[in-house]
Amino acid sequence: MKKIIYSRMSFFVIAVVLFWIKTYSFYKLEFSLGVKGTVQEFLLFFNPLSSGILILGLGLFTKGRRSGRAIIYLSTLLFLIQYANVVYYRFNSDFMTLATLTQTSNFGTSLGGSILDLMEPYDLLYIIDILFLLFLYSKVKGKWTTDRLKLRIPIAVLVTGILAFSLNLHLAEKDRPQLLKRTFDRNYLVKYLGTYNFIVYDAVVSLQNSSQRVMADSSAIVEVENYAKAKYAESNPEIFGVGQGKNIIKIHLESFQSFLIDFELNGQEVTPFLNSLVHDETQDFTYFDNFFHQTEQGKTADAELIMDTSLYGLSQGSAFVTKANNTFQALPAIIGQQQGYTSAVFHGDGKSFWNRDKIYKRLGIDQFYYDLYYNMNEDNVINYGLKDKPFFEESIPLLKELKQPFYAHMITLTNHHPFVLGEGEATLVPSQTGDSTVDGYFQTARYLDEALAKFFVDLKEAGLYDNSIIMIYGDHYGISKNHNRAMQEILGEEITVLKNSELQRVPFMIHIPGVEGQGTNHEYAGMIDVVPTLLHVLGIDAKDYLLFGTDMFSDHHRDFVPFRNGDFVTREYSYIKGDYYDNTTKEVIYEPSEEMLKMKDTVLQELSYSDKLLNGDLLRFYTPNEKWVPVNPSKYLYGKKQASNAEVNGKAEKEK
Ligand code: GP9
Ligand code: MN
């Protein structure tokens, strides 16, 4: 018995258990991960185990006493990595990534100058386990033989580690599908897989990216430039410059699909306020009813990227996360430089979600108001974050503070899967499909509509309405194909392949002060078209920039809308998963015309140029005009109102 207690394996097991307890303590005491539910709690507890076994297990390959020393060195190394993360987190409320470490100019500012200030005396407690291991080692090493363990032992240990990791990953993917592919938030990855696995994951993604970037050279931009410039559509002289000097308030309707506009659920209008913007001529809105979202796995982040850069998102993952070190020539930077616009994003969620705090600096966004700027008390928060009503209400004073003209992007949140509201907040008589997603969707859409109506009143009262362009859009679908049964019941029609594609319409509406609204505009358009449209509204010619969309008000607007998977829709027909459909008869076109076939290639070409541009970071080789100044991300700091970790921990727990 004694032999077992004093053995190398026991030493290893003790080291793993200590590492496990310590890592878990770090999670609980130092990071605010927003863990909710038993699965997440369990995974948070469980996830250090595999890293501990796999890394400390390497020590078992060495001979005799060396195993003990190797295990201690490895424990120390893991501790140092973790501790660096802790110190970084204390200042940034975010995890270190290779990208942040390699941006040396940023690193100083990220740590607020003084690392020592961020260390606490009680941190010494975090090395107790290592001291204990040293003590234990000095006691037991004499009892160890000098030879190597039989190879099958350390191998069995590593296999156990791999099994533990697989189980971890499996449970995580079950709870949060596409966790690794969609790359949405560092917080999530750490919560589910742990800090060490996150580091490995981050390193792989970063290496993949930098190799693609290194391979690209300046000549690659020529082809892309030729394509984008050939696509350019001249502005409509009646619209060019009509909005110059006006604020822009861009309102993001989360998960909002166009079918909700004018939709009646058992005789009740779901979104009476939005409907009034569409129909009441005195409101002077122009509503594009054939506007489509073009997002993929990056969802909201894709919508943001496409609508501020006129580039496509990636076919996998989110460019907001994986291309955060790229050079961009985005709308906020362009209008900031050329017309003195102050840009700001308002969003009641953590700043690291979709890597916003990093990528916004590359887009030239001056100010970012995230959850810490809002009152996140329990009543105000549901699901992902701040409810839309308090969100808009609390945004008004922030908006008033902004230097004008401003470009303010308000990102709502409540109308998000699983579409839930607080007690007494639902105002529609609910649908009864039995599918809670679908039934909830109408309620949260109505809540959003009510929030918006109030926001308009407040904007008018604050004197901001009359001098602001208001642009409203839906970011992507809310109801996926998985809910076709309930949706068919609600819509009273079969959801065919074509119908599903038609349901990818999201509203786009715009009001420009002093300009008569056009009512409903039937032009086929997509998110990619927004940047050139806005540039022209402000009186900036889009032709200098590398944009994949064209001005929606232009007579020469290209009215085909590519989707990220290569499908596309035009006024007359749709191309979906290899089949062409007639938009009017809804029938499959068995013999597509030459032109239709050519369009398929054009779309693929366009997507591949956009990918080339993002993967090769080609905009670093492109100068739009002599006025352009490359964006310097280190000039932007959003963390001014940094709360202490205790404050963050104390705020209402929010589920992601
Ligand atoms: C999170 C919110 C939702 O902050 O923007 O993102 P989504 O899940 O829609 O991509
Ligand atoms: Mn979204």
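Predicted model, so just to flag it, every value in this text is computed and none were measured.

Trainee: Can you help me understand the coordination of the manganese ion (ligand 2) in this one?
Mentor: Six octahedral donors around a metal ideally make angles of 90 or 180 degrees; four tetrahedral donors ideally make 109.5 degrees. Within the protein, the manganese ion (ligand 2) binds to Glu 254 (OE), Glu 254 (OE), Thr 300 (OG1), Asp 475 (OD) and His 476 (NE2); these donor distances fall in the range 2.0 to 2.6 Å. Each of the six donor atoms bound to the manganese ion (ligand 2) contributes to angles spanning 54 to 166°, and the resulting shape is irregular. Counting residues between consecutive donors of the manganese ion (ligand 2) along the chain gives the motif E-x45-T-x174-D-H. Taken as a pair, Glu 254 in the loop between strand S1 (247-253) and strand S2 (264-265) and His 476 in the loop between strand S10 (468-474) and helix H21 (484-491) lie far apart in primary sequence, 222 residues in all. Take Glu 254: its relative accessible area is 2%, and that puts it in the buried class. Residue His 476 is classed as buried on the basis of its relative accessible area of 1%.

Trainee: Would you mind going over the packing of helix H2 (residues 8-30) against helix H4 (residues 48-57) with me for this structure?
Mentor: Any two packed helices are characterised by the angle at which their axes cross and by the distance between the axes. Put simply, H2 and H4 touch, their axes get as near as 9 Å, and they point 140° apart. By the criterion of interaxial angle, the relationship of H2 to H4 is oblique. Here H2 runs over H4; the crossing is right-handed. Contact residues: Phe 12, Ala 15, Val 16, Phe 19, Trp 20, Thr 23, Tyr 24 and Tyr 27 in H2; Pro 48, Leu 49, Ser 51, Gly 52, Ile 53, Leu 56 and Gly 57 in H4. Along the lines of polarity and charge, the residues of the contact of H2 with H4 split into 11 nonpolar, four polar and no charged.

Trainee: How do you make sense of the packing of aromatic side chains when you look at a structure like this?
Mentor: Aromatic ring pairs are described here by two measures, namely the spacing of the ring centres and the angle between the planes. Considering all chains together, one arrives at 47 aromatic pairs under this definition. Note on Phe 568 and Tyr 573: the rings are 6.1 Å apart at their centroids and 80° apart in plane angle, and the pair reads as edge-to-face. For the pair formed by Phe 568 and Tyr 573, the shared burial category is buried. Plain terms: the ring middles of Tyr 573 and Tyr 580 are 6.0 Å apart, the flat faces sit at 50° to each other, and that makes the pair tilted.

Trainee: Would you explain the site of ligand 1 in this entry?
Mentor: Inspection of the region around ligand 1 gives 13 residues, with Thr 300, His 347, Asp 349, Arg 356 and His 416 positioned closest. Measuring from an oxygen atom of ligand 1, one finds a side-chain N or O atom of Thr 300 at 2.7 Å. Asp 349 is positioned with one of its side-chain polar atoms (N or O) 2.7 Å from an oxygen atom of ligand 1. Protein chains bury 98% of the 310 Å² of accessible surface belonging to ligand 1 in isolation.

Trainee: Looking at this structure, I do not really get the domain arrangement of the protein. What am I missing?
Mentor: For an interface, size is often stated in terms of accessible area lost upon the parts coming together. Domain annotation for the protein reports domain 1 (2-212) and domain 2 (239-554). Computed from C-alpha coordinates alone, the two centres of domain 1 and domain 2 are separated by 40 Å. With 18 residues of domain 1 at the interface, the matching set in domain 2 holds 18 residues. Taking both sides of the interface into account, the surface hidden between domain 1 and domain 2 amounts to around 1500 Å²; carbon and sulfur atoms contribute 40%. For the pair domain 1 and domain 2, the number of links is one salt bridge. Ionic pairing is found between Asp 357 and Arg 186, a salt bridge with its closest N-O pair at 3.8 Å. In this structure, the connection of domain 1 to domain 2 is made through three residue pairs in polar contact (both at pLDDT 80 or more).

Cut-offs and rules
Residue positions within a chain follow its written sequence, with the count starting from 1. Both sets of labels track the order of writing: A upward for chains, 1 upward for ligands. Owing to the predicted nature of the model, reporting of local features is limited to residues with pLDDT of at least 70; listing and counting of side-chain atom pairs is limited to 80 or more, with chain, interface and lining totals taken over all residues. Excluded from the side-chain calculation are hydrogens and water; included are all heavy atoms of the structure. With water omitted from the atoms examined, metal sites may look incomplete; donors here are N, O and S atoms no farther than 2.8 Å from the metal, or 3.2 Å in the case of Na, K and Ca. Labels for metal geometry use angle windows, namely 85 to 135 degrees for all angles of a four-donor tetrahedral site, and for square planar (four donors) or octahedral (six donors) sites opposite donors over 155 degrees apart plus all others within 65 to 115; sites meeting none of these are irregular. Numbering of helices and strands runs from the N terminus, with a helix taken as a DSSP run of H or I at least four residues long and a strand as a DSSP run of E at least two residues long. Relative accessibility decides the category of a residue: with a 1.4 Å probe and only protein chains considered, values under 20% of the type maximum give buried, values over 50% give exposed, and everything between is partly exposed. Only C-alpha atoms enter the line fits that serve as axes; for helices the fit covers just the stretch in contact. Angles between N-to-C directions range over 0 to 180 degrees. Angles are sorted into four bins: roughly parallel if under 35 degrees, roughly antiparallel if over 145, roughly perpendicular if 65 to 115, and oblique for all others. It is the rotation of the near helix from the far one that decides the hand of a crossing: anticlockwise by less than a right angle makes it left-handed, clockwise makes it right-handed. Throughout, a residue-residue contact means that at least one pair of heavy atoms, one from each residue, lies within 4.5 Å. Residues are grouped as follows: Ala, Val, Leu, Ile, Met, Phe, Trp, Tyr, Cys and Pro are nonpolar; Asp, Glu, Lys and Arg are charged; every other residue, Gly included, is polar. When two rings of Phe, Tyr or Trp (its six-membered ring) have centres within 6.5 Å they constitute a pair, described as stacked for plane angles under 30 degrees, edge-to-face for angles over 60, and tilted for the intermediate range. The cutoff for a nearby residue is simple: one of its non-hydrogen atoms must lie within 4 Å of the molecule or strand. Here a polar contact is taken to be a pair of N or O atoms separated by no more than 3.5 Å, where protein atoms must pair a possible hydrogen donor with a possible acceptor and residues adjacent in sequence count only if both atoms sit in side chains. Each accessible area is a Shrake-Rupley result for a 1.4 Å probe, and residues are judged covered by the shown protein chains and nothing else. Note: domain ranges come from an automatic or database domain assignment. What counts as buried area is the accessible surface, traced by a 1.4 Å probe, that two parts surrender upon association, with contributions from both included. Put simply, a salt bridge is a Lys or Arg side-chain nitrogen that is within 4 Å of an Asp or Glu carboxyl oxygen.

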